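Structural overview
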Amino acid sequence: MEPAGVTATSAGRDERDPRRWTALVVLCCASFMVILDSQIVIVGMPAIQSALALDASAAQWILTANLITFGGLLLLGGRSADLLGRRRIFMVGLVGFLVTSLLSGFAWNAEVMIAARAVHGVSSAMMVPSALSILMSTFEEGAERNKAIAAWSAVGGIGATAAMLVGGWLTSNLGWESVFLVNVPVVLVLLLVSPLVLRESRDHGRRRTFDLAGALTSTAALVALVYAISEAPAAGWSSVRTTGLLALVVVLGVVFVGIEARSSAPLVPLRTLRMRSVATGNLLMVVVAMLVFSLSFLSSLYGQQVLGYSAIEYGFLGSIMPVMAVVGAYVGQAVVTRRGFRPAAVPGVVMLGVACAMLIMISVRGDYLGDLFFPFVIFGLGLGIAHTTASIVALTGVAESESGLASGLVHAAFQVGGGFGIAIVSTVAVSFSTGPDQPSALTNGFRAGFVACVAFALVALAFAVALPGRRRAVVPAPDDRVRPAPVAGP
């Protein structure tokens, strides 16, 4: 019998086990599939809207329903993995992903589609944090884990680009149903392979009980926050609905902290949130997400609405950015391993800001090479460095028993940040869209949006400077003994 507090993985982990790299491939495939799915639906949305006879307000709920459940349940999904078994929750999420992909592909009306996408978000909220926590428990903190996280980060950019390149072709040649059904064979393979290469692990030292009050308040707060920021551009930031929802988020947040401070088995132990690495890493992740979502959103609209590229053409031309993000991810992990957090994060964030500043100069009669190519190269490289560094920092020093929770926090930060970024820059772009004709008006709005992105980059720079350094310290091991390990420090 394993001693209390030791997970199955930590008890039997063998750093020479070659299966750990096969496991990484499986986990990255799952992450790729989730990101591909979220982006490819956007590409197929016009065809879906037409086929199901949806107006614009109803069609957006296909995206919003998925975003709300995914973002709102990430913390609960991560903690469930810690308590019930990381591989188990990962595979339950895979099954849910399979079923909801089939339902979406064969949806016969709007109600079925929206419900399927909402449940699909629940499945993603189980899969993603459990997958990242399996990665954490498979690779010891240090150089190998940094490389694994770099691979995980790089997959995100590849998935988003693949969606742009493949989504239009699938929709045009195989119908809108194919953007959902393309997931099915991948999920079936993952379901067959996962039990063979992924070790089961969970927190044996904690009672398998859920902090129900904490789960309800945190989920309600995240759902309200995601809904408020996704609807703010349409409803208005000063509207009763938006301000009321944001006030509700604050109230629920205060209640949640009070519950967690008194709970004997909290959903989110407050000591975890007080860790400097967790706090600063997640804050940096929020702003990095604001930047990447905002720049992708604005540049896509500029490329298609002003420069006249089709979705497929723009997807191909824009693929240089995720390619450079893959390069940046591996550069970032190498710098973190050799030099520490700040020497990696600061240059990465500076690159993001420089790219956004260059895009302020876009013109109505611009072209890809003159207006987009070089900013995309610089932004992609900076994104890979900054995203990988933020991920490593946010997961550094976290006990294995709380790896699912930490993974859920990282992804919640990314989802919330992305929503905030798009909501803010879309509001700014609309407010400044003035000019003698539509292309001029749109370009003026996009320029203003990129100015907002520069402001985001300045905030990110402040968080990057505030990141902890690295030193040798003593941290609690998963079995509640102490051992020396490289962790965050001043």
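The structure this text deals with has already been given above.
This report concerns the structure included in the present document. The written sequence of each chain sets the order in which its residues are numbered from 1. A pLDDT threshold of at least 70 governs which residues receive local features in this predicted model, and a stricter bar of 80 or more applies before side-chain atom pairs are shown or counted, although totals over entire chains, interfaces and linings include all residues. Only hydrogens and water are set aside; all other atoms, that is, all heavy atoms of the structure, feed into the side-chain values.

1. Comments concerning the packing of helix H13 (residues 276–306) against helix H17 (residues 368–395)
- H17 packs onto H13 with a crossing angle of 155 degrees between their chain directions and a minimal axis gap of 9 Å. Classified by the angle between their axes, H13 and H17 sit roughly antiparallel to one another. Taken as a pair, H13 and H17 cross one another with a handedness that is left-handed.
- Class assignment for the residues of the contact of H13 with H17 results in 16 nonpolar, seven polar and one charged. Note on geometry: axes are lines fitted to C-alpha atoms, helical ones only across the stretch in contact, with angles between N-to-C directions running from 0 to 180 degrees. Here a helix means four or more residues in a row that DSSP labels H or I, a strand means two or more in a row labelled E, and each is numbered from the N terminus. Oblique is the label for any angle not under 35 degrees, not over 145, and not in the 65 to 115 range, which are roughly parallel, roughly antiparallel and roughly perpendicular in turn. Handedness of each helix crossing follows the sense of rotation of the near helix against the far helix: counterclockwise by less than a right angle gives left-handed, clockwise gives right-handed. For this classification, Asp, Glu, Lys and Arg are treated as charged, while Ala, Val, Leu, Ile, Met, Phe, Trp, Tyr, Cys and Pro are nonpolar and the rest, including Gly, are polar.

2. Let's talk about the nonpolar core
- The biggest cluster of nonpolar side chains holds 107 residues, and the ones touching the most others in it are Leu135, Leu291 and Phe379.
- Any two residues having at least one pair of non-hydrogen atoms within 4.5 Å are treated as being in contact. If sequence neighbours within four positions are ignored, Leu291 has contacts with Leu352, Cys356, Phe379, Cys453, Phe456, Ala457 and Ala460. Nonpolar cores were defined as sets of buried Ala, Val, Leu, Ile, Met, Phe, Trp, Tyr and Cys residues, with membership established by side-chain atoms within 4.5 Å. Only protein chains enter the area calculation, which uses a 1.4 Å probe; residues under 20% of their type maximum are buried, those over 50% are exposed, and those in between are partly exposed.

3. As for the side chain of Ser194
- Within the secondary structure, Ser194 sits in helix H9 (residues 183–197).
- On the basis of relative accessibility, which here comes to 0%, the residue Ser194 falls in the buried class.
- We define a polar contact as two N or O atoms separated by no more than 3.5 Å, with the added condition that, inside protein, one atom must be a possible hydrogen donor and the other a possible acceptor, whereas residues neighbouring each other in sequence contribute only through side-chain atom pairs. Among the polar contacts made by the side chain of Ser194, one reaches the main-chain carbonyl oxygen of Leu190 at a distance of 2.6 Å.
- In this structure Ser194 touches Val26, Arg87, Phe90, Met91 and Leu94, once residues within four positions along its chain are discounted.

4. Overview of the pattern of salt bridges
- Salt-bridge detection follows one rule: a side-chain nitrogen of Lys or Arg within 4 Å of a carboxyl oxygen of Asp or Glu. The full count for this structure, using the stated rule, is two salt bridges.
- Across the salt bridge formed by Arg20 and Glu144, the nearest N and O atoms sit 2.8 Å from each other. You can see Arg20 sitting in helix H2 (residues 19–51) and its partner Glu144 sitting in helix H7 (residues 143–174), a full 124 residues away along the chain.
- Residue class for Arg20 comes out buried when judged on its relative accessible area of 11%.
- Residue classification places Glu144 among the partly exposed residues on the basis of a relative accessible area of 25%.

5. A word on the packing of aromatic side chains
- Only Phe, Tyr and Trp rings are paired, with Trp represented by its six-membered ring, and only when their centres lie within 6.5 Å; those with planes under 30 degrees apart are stacked, over 60 edge-to-face, the remainder tilted. All told, the structure shown has eight aromatic pairs when counted by the stated rule.
- Aromatic pair Tyr314 and Phe376: ring centres 6.4 Å apart, planes at 85 degrees, arrangement edge-to-face. With a gap of 62 residues between them, Tyr314 in helix H14 (residues 311–317) and Phe376 in helix H17 connect regions that are remote in the sequence.
- Residue class for Phe376 comes out buried when judged on its relative accessible area of 0%.
- Consider the rings of Tyr368 and Phe373, whose centres lie 6.0 Å apart with planes at 70 degrees: the pair is edge-to-face.
- Judged by relative accessible area, which is 14%, Tyr368 ranks as buried.
- Note on Phe373: relative accessible area 24%, which makes it partly exposed.
- Clustering of aromatic rings is evident, with ring pairs tying together Tyr314, Tyr368, Phe373, Phe374 and Phe376.

6. Some details on a nonpolar patch on the surface
- Judged by side-chain polarity, Val350, Val354, Met358, Leu369 and Phe374 come together as a nonpolar surface patch covering roughly 430 Å² of accessible area.
- Elements with a contribution of two residues or more to the nonpolar patch: helix H16 (341–359) and H17.
- Take the nonpolar patch: its biggest share by element is three residues, from H16.
- Turning to its location among the elements, Met358 is positioned in helix H16. Only residues whose relative accessible area exceeds 30% and that form no salt bridge are eligible for patches; like-charged ones are grouped when within 9 Å, while nonpolar side chains (Val, Leu, Ile, Met, Phe, Trp, Tyr) are grouped when within 5 Å. For the area figures, the Shrake-Rupley method with a 1.4 Å probe applies, and any residue is considered shielded solely by the protein chains shown.

On their own, these measurements won't tell you what the molecule is for.
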